[in-house]
Amino acid sequence: MGKSRDTALILKKIKKMNNLLLLNAVIIVVISVLTIYSATIHKTTLFYKREAFWGIIGIFVYLFFSFVDYRKYAKYYKLIYIFNILVLLSVYVLGVKRLGAQRWIDLGPISIQPSEIGKILVILTFSEFLVSKYRDRFVGLKSVLISFLHILPVFVLILRQPDLGTALILMMTYFVLIFIHGIDWKSIIIMIITGIISLPTAFFFFLKDYQKQRVLTFLNPEADLLGSGWNVTQSMIAIGSGGLYGKGFLNSTQSKLRFLPESHTDFIGSVFLEERGFVGGIVLLGLYLILILQIVYIADTTEDKYGKLICYGIASIFLFHLIINVGMIMGIMPVTGKPLLLMSYGGTSLLISFMMLGIVQSVKMYRD
């Protein structure tokens, strides 16, 4: 009798699933594998095979987190917060340096990036922190500043790796969550003015030399075409040469002639736009916007404040990654090394993306 009841409950949950969410993600991953194949086949077959493998594993990760009641994260949010801090601290002990940053932990055949995990864990904990400590909305700027203390350790640990891109995404997601939770416009205006005033101080006293150079390159990429401006310049050439309909599959000359570094990771969008053109770019952008709008729709149709905040936090991560990466490859934003989620090569990023979508699906299935 118990088994039949459990089966009926599972079937009920399955009927409530938003199938478009997974379908949308899978389509983007298929596009990713094809683009990675095109960008790297002249060098090796390793990358696209790995991405396909992690994509399949990602579907199982998605299904697993879909059937975990998201409300359990609220119950254990303090333990999750401690775990998050420990994971981020572990990179300073066990991590390896790549490209001047200590962000990865090698586990034999695979490596993980704790900051990628830290983003979603802090959303799970901060959302419950807001609901339990501040009820419906903030009262005054003091409450906002105190709430920031919750994410401050995570922010500092990520910033010191250094991983400025992830730290900025975390900060922007924080502002989205406190806005959704409820905050008066006076406090918003004060924070915006303070942020603008603080920019020069942050540039001169907190950014490392290579980070300052990235900002300067963004402002004038032509100043050092063979050095710091190379990546962005080659990316814009690739995008421009794609025209309206693109050069066609396997015809991305910028990556094959090795003019475009990191063509399968940070600049995967440049390869896609060179091959598929403006029309292909609109289609891909549409897929991402539909994905994000699906997450927002699930958030807006959820009465549970905790579930709503989680969904908005995850939607923010996808949106800010999209804005930063697309802006970077088009030369309208500084290079920060942030991947295009579900599209750029990387096992950790792909699995965390499916994990986030699984949690969103859990909100849809367990919200009633």
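The notes below deal with the structure included here. (Residues numbered from 1 in each chain as written. Predicted model: local features only at pLDDT ≥ 70, side-chain atom pairs only at ≥ 80, totals over all residues. Heavy atoms only, no water.)

A short note on the overall build of the chain
Reasoning step 1: For the chain, the count of helices and strands is 15 helices and 3 strands.
Reasoning step 2: Per-residue burial over the chain gives 51% buried out of 368 residues.
Reasoning step 3: At a minimum sequence separation of 6, the contacts of the chain that also span at least 24 residues come to 74%. (Helix = DSSP H or I, 4+ residues; strand = E, 2+ residues; numbered from the N terminus. Buried < 20%, exposed > 50% of the residue type's maximum accessible area, 1.4 Å probe, protein only. Contact = heavy atoms within 4.5 Å.)

A word on unusual backbone geometry
Reasoning step 1: The backbone of Leu 250 sits at a positive phi, close to 75°, despite the residue not being glycine.
Reasoning step 2: Among the structural elements, Leu 250 can be located in the loop between α11 (230–242) and α12 (253–256).
Reasoning step 3: Under the relative-accessibility criterion, Leu 250 is labelled partly exposed at 33%.
Reasoning step 4: For Leu 342, which is not a glycine, the phi torsion comes out positive at approximately 75°.

Here we look at the packing of helix α5 (residues 77–94) against helix α6 (residues 114–134)
Helix-helix packing: each pair is described by the crossing angle between the helix axes and the interaxial distance.
Reasoning step 1: It is at 9 Å that the axes of α5 and α6 come closest, and there the two elements cross at 150°. With respect to α6, the axis of α5 lies roughly antiparallel. Once α5 is placed against α6, the crossing between them reads as left-handed. Contacts from Tyr 77, Ile 80, Tyr 81, Phe 83, Asn 84, Val 87, Leu 88 and Val 91 in α5 reach Pro 114, Ser 115, Gly 118, Leu 121, Val 122, Thr 125, Glu 128, Phe 129, Ser 132 and Lys 133 in α6.
Reasoning step 2: Residue composition of the contact of α5 with α6, grouped by class: 11 nonpolar, 5 polar and 2 charged. (Axes fitted to C-alpha atoms, helices over the stretch in contact; angles between N-to-C directions. Parallel < 35°, antiparallel > 145°, perpendicular 65-115°, else oblique. Left-handed = near helix turned anticlockwise from the far one by under 90°. Nonpolar A, V, L, I, M, F, W, Y, C, P; charged D, E, K, R; others polar.)

Some details on the pattern of salt bridges
Reasoning step 1: Scanning the entire structure with this criterion turns up 5 salt bridges.
Reasoning step 2: For Glu 116, the salt bridge goes to Lys 338, with nearest N and O atoms at 3.8 Å. Of this pair, Glu 116 sits in helix α6 while Lys 338 sits in the loop between α14 (305–329) and α15 (347–366), and the two are 222 residues apart along the sequence.
Reasoning step 3: Taking relative accessible area as the criterion, Glu 116 reaches 3% and is therefore assigned buried. (Salt bridge = Lys/Arg side-chain N within 4 Å of Asp/Glu carboxyl O.)

Considering the environment of Leu 152
Reasoning step 1: Within the fold, Leu 152 resides in helix α7 (residues 140–159).
Reasoning step 2: Take Leu 152: its relative accessible area is 30%, and that puts it in the partly exposed class.
Reasoning step 3: Spatially, the C-alpha atom of Leu 152 lies 9.4 Å from that of Met 171, the residues being 19 residues apart in sequence.

Details of the packing of α6 against helix α8 (residues 164–181)
Reasoning step 1: Contact pair α6 / α8: the axes reach a minimum separation of 11 Å and the direction vectors enclose 25°. It follows that α6 is roughly parallel to α8 by the angle criterion. Considering only the axes of α6 and α8, their crossing is right-handed. On α8, the residues that touch Ser 115, Glu 116, Lys 119, Val 122, Ile 123, Phe 126, Ser 127, Leu 130, Val 131 and Tyr 134 of α6 are Thr 166, Ile 169, Leu 170, Thr 173, Tyr 174, Leu 177, Ile 178 and His 181.
Reasoning step 2: Residue classes in the contact of α6 with α8 are distributed as 11 nonpolar, 5 polar and 2 charged.

Quick notes on the nonpolar core
Reasoning step 1: Ranked by internal contacts, the top residues of the largest apolar core, which has 67 residues, are Phe 318 and Leu 342.
Reasoning step 2: Residue assignment for this core shows that the elements contributing at least two residues are α2 (19–40), α3 (46–66), α4 (71–75), α6, α13 (268–300), α14 and α15.
Reasoning step 3: Top contributing element to this core by residue count: α13, with 12 residues.
Reasoning step 4: Those residues in contact with Phe 318, other than ones at most four positions away along the chain, are Leu 291, Ile 292, Ile 295, Leu 341, Leu 342, Ser 353, Met 356 and Leu 357.
Reasoning step 5: Val 122, Ile 158, Met 171 and Leu 309 belong to the second largest nonpolar core, which has 27 residues in total. (Core = buried A, V, L, I, M, F, W, Y, C linked by side-chain atoms within 4.5 Å.)

A few points about the environment of Ile 158
Reasoning step 1: Structurally, the position occupied by Ile 158 is in helix α7.
Reasoning step 2: By relative accessible area, Ile 158 is classed as buried at 0%.
Reasoning step 3: In the structure, Ile 158 is positioned 10 residues away from Leu 168 in sequence and 9.8 Å away in space, judged by C-alpha atoms.
Reasoning step 4: Discounting chain neighbours no more than four positions away, the residues touching Ile 158 are Leu 88, Ser 115, Asp 163, Thr 166, Ala 167 and Leu 170.

Comments concerning α5
Reasoning step 1: Over its 18 residues, α5 runs 25 Å from end to end, which matches the ideal 26 Å to within 8%, given 1.5 Å per residue.
Reasoning step 2: Buried residues of α5: Tyr 77, Ile 80, Tyr 81, Asn 84, Ile 85, Val 87, Leu 88, Ser 90 and Val 91, and no others. (Expected span 1.5 Å × (residues − 1).)

Examining the side chain of Thr 173
Reasoning step 1: When you line up the elements, Thr 173 lands in helix α8.
Reasoning step 2: Residue classification places Thr 173 among the buried residues on the basis of a relative accessible area of 3%.
Reasoning step 3: A polar side-chain atom of Thr 173 sits 2.8 Å from the main-chain carbonyl oxygen of Ile 169.
Reasoning step 4: The residues touching Thr 173, leaving out its near neighbours within four places in the chain, are Ile 123, Gly 313, Ser 316, Ile 317 and Phe 320. (Polar contact = N/O pair within 3.5 Å; in protein donor to acceptor, adjacent residues only side chain to side chain.)

Looking at a nonpolar patch on the surface
Reasoning step 1: Side chains of Tyr 76, Leu 79, Ile 82, Leu 86, Leu 89, Tyr 92, Val 93 and Leu 94 sit close together on the surface and give an oily, nonpolar patch of about 810 Å² of accessible area.
Reasoning step 2: Inspection of the secondary structure assignment puts Tyr 76 in the loop between α4 and α5. (Patch = residues over 30% accessible without salt bridge, like charges linked within 9 Å, V, L, I, M, F, W, Y side chains within 5 Å. Areas by Shrake-Rupley, 256 points an atom, 1.4 Å probe, with all protein chains shown as cover.)

A few points about the side chain of Asn 84
Reasoning step 1: Relative to the helices and strands, Asn 84 resides in helix α5.
Reasoning step 2: Residues in contact with Asn 84, not counting those within four places in the same chain, are Gly 118, Leu 121, Val 122 and Val 154.

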